[in-house]
Amino acid sequence: MIEGKTKRIEVLDDPTLVRITTKDSLTANDAAIQADLPVAEDKTSQNCSVMFHLKQAGIPVAYKIRNNETSFIAKKCKMIPVECVMRRRAFGSYLKREPSKTSGDIFDPLLTEFFHKNAIVGNEMMSEDKARELYLRDGKWTETVYTDPLIEPSTDTWLLFPPKEPRYDMQPLKYIRPEVDAVTLEYIRTSLMIPCFEILEKAWKKFDVDLIDMKIEIGIDEENKELVIADVIDNDSWRLWPNGDPKQQLDKQSFRDGEALTEVQEKYRIVTQYTEKF
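Summarised in this report is the structure supplied together with it. Values in this document were obtained by computation on a predicted structure and should not be read as measured data.

Strands sit in the order 11-10-14 across an open sheet of three strands; the sheet is antiparallel. Two strands lie at the open edges of the sheet, namely strand 11 (124-126) and strand 14 (145-146), each paired on one side alone. Summarising the sheet, strand 10 (residues 119-121) and strand 11 pair through three bridges and their orientation is antiparallel. Directly across from A119, in strand 11, lies its bridge partner M126. Most of the contacts of helix 3 (residues 128-135) go to strand 11, to which it runs at about 110°, and overall it touches strand 10, strand 11 and strand 14.

For helix 1 (residues 40-56), spanning 17 residues, the distance from its first C-alpha to its last is 24 Å, which sits close to the expected 24 Å at 1.5 Å a residue. Along helix 1, the residues that are buried comprise A40, D42, K43, T44, S45, Q46, N47, C48, S49, V50, M51 and L54. Of the residues one or two after helix 1, G58 is the one with positive phi, at around 90°.

Turning next to the pairing of strand 16 (residues 158-161). In this sheet, strand 16 lies alongside strand 15 (residues 150-153) in antiparallel orientation, the contact comprising four bridges. By the bridge assignment, L150 is partnered in strand 16 with F161. Pairing geometry for strand 16 and strand 17 (residues 174-176), over three bridges, is antiparallel. Across the sheet, the residue bridging to L160 is K174, located in strand 17.

What follows is about the pattern of salt bridges. Scanning all chains against the criterion turns up 22 salt bridges. We note a salt bridge from K43 to D236, for which the minimum N-O separation is 2.7 Å. Of this pair, K43 sits in helix 1 while D236 sits in the loop between strand 19 (227-229) and strand 20 (238-242), and the two are 193 residues apart along the sequence. Summarising the burial analysis for this pair, K43 and D236 share the class buried. A salt bridge links E266 to R269; its shortest N-O distance comes to 3.8 Å. With a gap of three residues between them, E266 and R269 both fall in helix 6 (residues 261-275), about one helical turn apart. What makes R269 partly exposed here is its relative accessible area of 39%. Taken together, the shared-partner salt bridges in this structure form one network comprising E3, R8, E10, R19 and K23.

Turning our attention to the environment of D221. If you trace the backbone, D221 turns up in strand 18 (residues 209-221). For D221, a relative accessible area of 1% corresponds to the buried category. Sequence-wise, D221 and E266 are 45 residues apart; in three dimensions their C-alpha atoms are separated by 35 Å. Other than its neighbours up to four places away in sequence, D221 contacts K75, K76, C77, E226 and V228. Within the local environment of D221, its side chain forms a polar contact with the side chain of N224, the two groups lying 3.2 Å apart.

Taken as a whole and assessed by the stated rule, the structure comprises zero disulfides. The closest cysteine sulfur to the non-disulfide-bonded C84 is located on C196, 9.9 Å from its own sulfur. With relative accessibility at 2%, the residue C84 sits in the buried group. With a relative accessible area of 0%, C196 lands in the buried category.

Reading the values: the criteria
- Just so you know, the residues in each chain are numbered from 1, in the order the chain's sequence is written.
- Predicted model: local features are reported for residues with pLDDT of at least 70 only, side-chain atom pairs are reported and counted for 80 or more only, and whole-chain, interface and lining totals are derived from all residues.
- The basis for the side-chain values is all heavy atoms of the structure; hydrogens and waters are excluded.
- When DSSP finds at least two bridges between two strands, those strands are taken to pair.
- Strands are runs of DSSP state E lasting at least two residues, helices are runs of H or I lasting at least four, and both sets are numbered from the N terminus onward.
- Whether two residues touch is decided by their heavy atoms; if any such pair falls within 4.5 Å, the residues are in contact.
- Axis lines are fitted through C-alpha atoms, for helices just across the contact stretch, and the angle between N-to-C directions can take any value from 0 to 180 degrees.
- One less than the residue count of a helix, multiplied by 1.5 Å, gives the span that helix is expected to have.
- The rule is simple: take the accessible area with a 1.4 Å probe, protein chains only, and divide by the maximum for that residue type; under 20% is buried, over 50% is exposed, in between is partly exposed.
- Just to be clear on terms, a salt bridge is a Lys or Arg side-chain nitrogen sitting within 4 Å of an Asp or Glu carboxyl oxygen.
- Any pair of N or O atoms that falls within 3.5 Å is considered a polar contact. Within protein, one atom must be able to donate a hydrogen and the other to accept it, and sequence-neighbouring residues count only if both atoms are side-chain atoms.
- Count a disulfide wherever a pair of cysteine sulfur atoms falls within 2.5 Å.

All we've got here are geometric facts, nothing functional implied.
This is the structure in structure tokens:
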């Protein structure tokens, strides 16, 4: 059905289910950086452990069961084109939008943000895959492309802003009709995003590892129309700092930072060992 650089999604004989297969590949910076690395089994194990843990805690998830070493079965969902981000500490693109903040500032209550999955080029919205196909050459954009634009929702309009510019300089890139209504968006925030983060944050605390931030995507289960976490949650999805120290990071940020691939792979193995104990 769908095949990308890091995973493949196939419809099964049962039309309500899909099989999601993870590839031995990592990407970063809008897929401008890509490396083949044997992490598919680790990422699959991580996701299955995390999803089972969330499911046991009563969080609605699309995940059903592990299929083999590198794939799992999930409910077929209609995806909402929104990336849901939760932050316990200030880091990453947030600091570019809020330069007055300090790296590691703690958010209590949890900070939640929404980003659109489509890219914006000029006044046109398109999928990130199409934007990369048209405008990404040798790891550089040939046009000004805004991926993951920040959503500022209101009742009948969503304003989309550059995600990595200081907020005081921000000008709306585009106005669009909401992908979901305000009630649904609030349900996603309070009943899926926040509980998901807090459950996993508590699980990581047992190992003295701080969950800094994470992102998930939401879908509508096509069989019963229920909103569920319809995503892969693995070491690409979050930031993890053992003992609260960013220098000990265990997540994909080390790949973005250019660490040796052998070290990156070892970190994925360590995270697998932890998540199996959730």
